[in-house]
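# Fold and contact review
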Amino acid sequence: MSNFNLENYSSGEKRKVLFVVPPQHIEEYYGRLASVGARLPWMGMAYVIGAVQAVGHEVKLVDCEVESVDFNELKEIIKDFSPDVICASAVITNVDRCLRTMQIAKDISSDVITVLGGPQVTIFPEQVIAEKSVDIIVIGEGEITMCEILLHLDEINRLEQIQGIWFKKNGNIVKNQGKELIEDMDSIPFPALGMYNMDNYYPAAYIWGKKVLPILSARGCAFECRFCEARLIFQRKFRFHSADRVVSEINNLIDVHRADSFQFMDDIFTLNKNRVYELCSKIIENGRKFKWSCFTRTDCIEPELLLKMKEAGCYLICFGCESGDQKLLDLLNKKLTIEKNCEGIKMTKKAGIRAFSTFMLGLPTETEEMTMKTIDFAVKSSLDYAIFPILEPYPGTEIYEDALKMGYFINEDGKKVVPNCKDKKIWVPDGRDRKEIEKKGYIAMKKFYLRPHIICSLAIGMLRNLPLKRLVRLFYGGISYFITARFEKVKYGTRY
Ligand code: B12
Ligand code: SF4
């Protein structure tokens, strides 16, 4: 494993680097729940920008998604800035738009170097590098690799020595060796959240705070759930920052952005319990008051740890209970039991922390009865929040292979199609009807949220902890969800 060493990449010509989040509308991935979903700064790109800036390059970032910039306006921005290098972070839902952005940049100047990184590139390097508009792809962690690319940009032969990239040389694709993960996580510069206009971003409905910022204290997950790609990006190694580094990042975000709440985006925050005890102690000693939430599993917590987390400001834990049927949990390779999920939720509530869980509907082999079991589990549990998206099997995951065998894909007109990465399509498990599953999703939301104690608890929590602007948006969003989801014709392609 390697470390980020500033001196190694600080020499050489300083470049103009443009980072782009391509145009996309939030409804495209949240569907009818768009107004209660999150709009977060891209953390992966923030880390890469942090590293590139630390080395002294000139960076501009345009987030077309939140600044409502369309492709024509983006073209003008690219012309004005005239970058040496243009970069984007690709996930499955925006890869086409990333490629369109790269093509626009190439049309303006064939000299510009186009670099793509991100989960979709790491999982599907062959497909992405094959695109004519892409010069270089970064596979895996990008901080060191991007700095090395900028250092050796003029010497094509030196590019061959950079681990973790594939690039084009005289029309041929050169596939370099993979890169080791960064060993000393604290050597990575702070993510450049200051590059984003933080007033334009907001978390999901259940997240409290007037100014909430995302933060990462660890990378990686040791589990192998069949629907998840986390391990394909950071392998199964769990690496974490020291408690001191996390606290200094928190202090910096409070001082610079006046943050009063944090959302730890780590895949499994409590995977290493000892480090969480230490981090919580440091947060308490530090004496700054703020709230925070995190993601973890019901089998990675214990009562004393939860009490310590509560004392350090944790108000919400997000779990992935996924299903109320044991056979389906086993099929997902969750390595969890229904009892463990029940126990974990109860333990969390007992410590005075709110509990949230995601549940997936329409899993391979799931019958209508199993779907109702999941809804019953959620309703009978003491969860404060739950969401019930319909499974979207992503290529690259094991569940995608299950989906091909145990169901079929259809397009927006309801016609069966052969799955590909580009067209909009949705998956339907054998023996089920998509409309019926979507209706169950609505029933689940109604049964879960339209209960007096949940409405009261949501209202009190939100009134006390959210700024007025978000409150108003959520109020209208919530009401319109229950009205439109009930009467609107089902739209293909929405998970909610
Ligand atoms: C937080 C999160 C979100 C948040 C915030 C997303 C955001 N704006 O950042 C929310 C909830 C909004 C979200 C939404 C979605 N997400 Co999401 N999300 C995550 C999560 C849990 C953490 C992401 C993160 O911050 N990682 C930490 C950073 C440091 O890692 P990173 O982003 O991979 O970046 C590193 C490298 O990839 C690389 N890199 C990244 N970008 C670039 C760019 C350049 C130029 C270079 C050189 C390198 C580089 O360097 C970075 C630093 O080392 C991941 C799971 C995971 N563990 O990665 C899923 C994940 C990224 N999401 C995923 C998906 C599918 C989605 C959705 C499509 C889900 C949906 N249908 O609604 C949407 C799509 C959003 C969109 N804009 O299109 C998938 C992506 C799979 C794929 N093949 O693309 C993941 C991997 C989860 C999974 N299912 O397994 N997501
Ligand atoms: S535990 Fe969470 S992050 Fe880890 S593989 Fe399963 S779903 Fe992904």
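Residues numbered from 1 in each chain as written. Chains lettered and ligands numbered in written order. Predicted model: local features only at pLDDT ≥ 70, side-chain atom pairs only at ≥ 80, totals over all residues.

### Digging into the pairing of strand β12 (residues 291–295)
We apply this condition: Each residue is classified by how many other C-beta atoms fall within 10 Å of its C-beta atom, where C-beta atoms are placed from the backbone; a count of 20 or more means buried, 12 or fewer means exposed, and values in between mean partly exposed. Per the convention used, a helix needs a DSSP run of H or I reaching at least four residues, while a strand needs a run of E reaching at least two, with both numbered from the N terminus. By this definition, two strands are paired if DSSP reports at least two bridges between them.
Of all five residues in β12, four are buried, a share of seventy percent or more. One ladder, built from three bridges, connects strand β11 (residues 261–264) with β12; its direction is parallel. In the strand pairing of β12, S261 is matched with K291. Both β12 and strand β13 (residues 314–322) contribute to a ladder of four bridges, which runs parallel. Bridge pairing in β13 places F295 opposite C318.

### Description of the site of ligand 1
The test is simple: Whether a residue is near a molecule or strand depends on its C-beta atom, generated from backbone atoms, being within 6 Å of that molecule or strand.
Surveying the vicinity of ligand 1 reveals 37 residues, the closest of which are G44, S89, G117, G142 and E229. Sorting the residues of the shell around ligand 1 by element identifies α3 (43–54), β3 (85–89), β4 (113–117), α7 (119–123), α9 (143–151) and α11 (230–234) as the ones contributing at least two each. The biggest single contributor to the shell around ligand 1 is α3, with five residues.

### Considering the domain arrangement of the protein chain
This is how the line gets drawn: Segment limits for the domains were obtained from an automatic or database-derived domain assignment. C-beta atoms are first placed from the backbone for all residues, and any pair lying within 7 Å is then listed as a contact. Side-chain classes are defined by residue name, with Ala, Val, Leu, Ile, Met, Phe, Trp, Tyr, Cys and Pro counting as nonpolar, Asp, Glu, Lys and Arg as charged, and the others, Gly among them, as polar.
In terms of domains, the protein chain is made up of domain 1 (6–175) and domain 2 (202–487). Of note, the centres of domain 1 and domain 2, computed from C-alpha atoms alone, are 28 Å apart. Counting residues at the interface gives 18 residues for domain 1 and 22 residues for domain 2. Grouping the amino acids of the side of domain 1 that touches domain 2 by side-chain chemistry returns eleven nonpolar, four polar and three charged.

### Looking at the environment of R434
By the secondary structure assignment, R434 is in helix α19 (residues 434–449). A count of 17 C-beta atoms within 10 Å places R434 in the partly exposed class. The spacing of R434 and I390 is 44 residues in sequence and 9.3 Å in space, taken between C-alpha atoms. Once residues lying within four places of it in the same chain are set aside, the contact partners of R434 are I410, I426 and V428.

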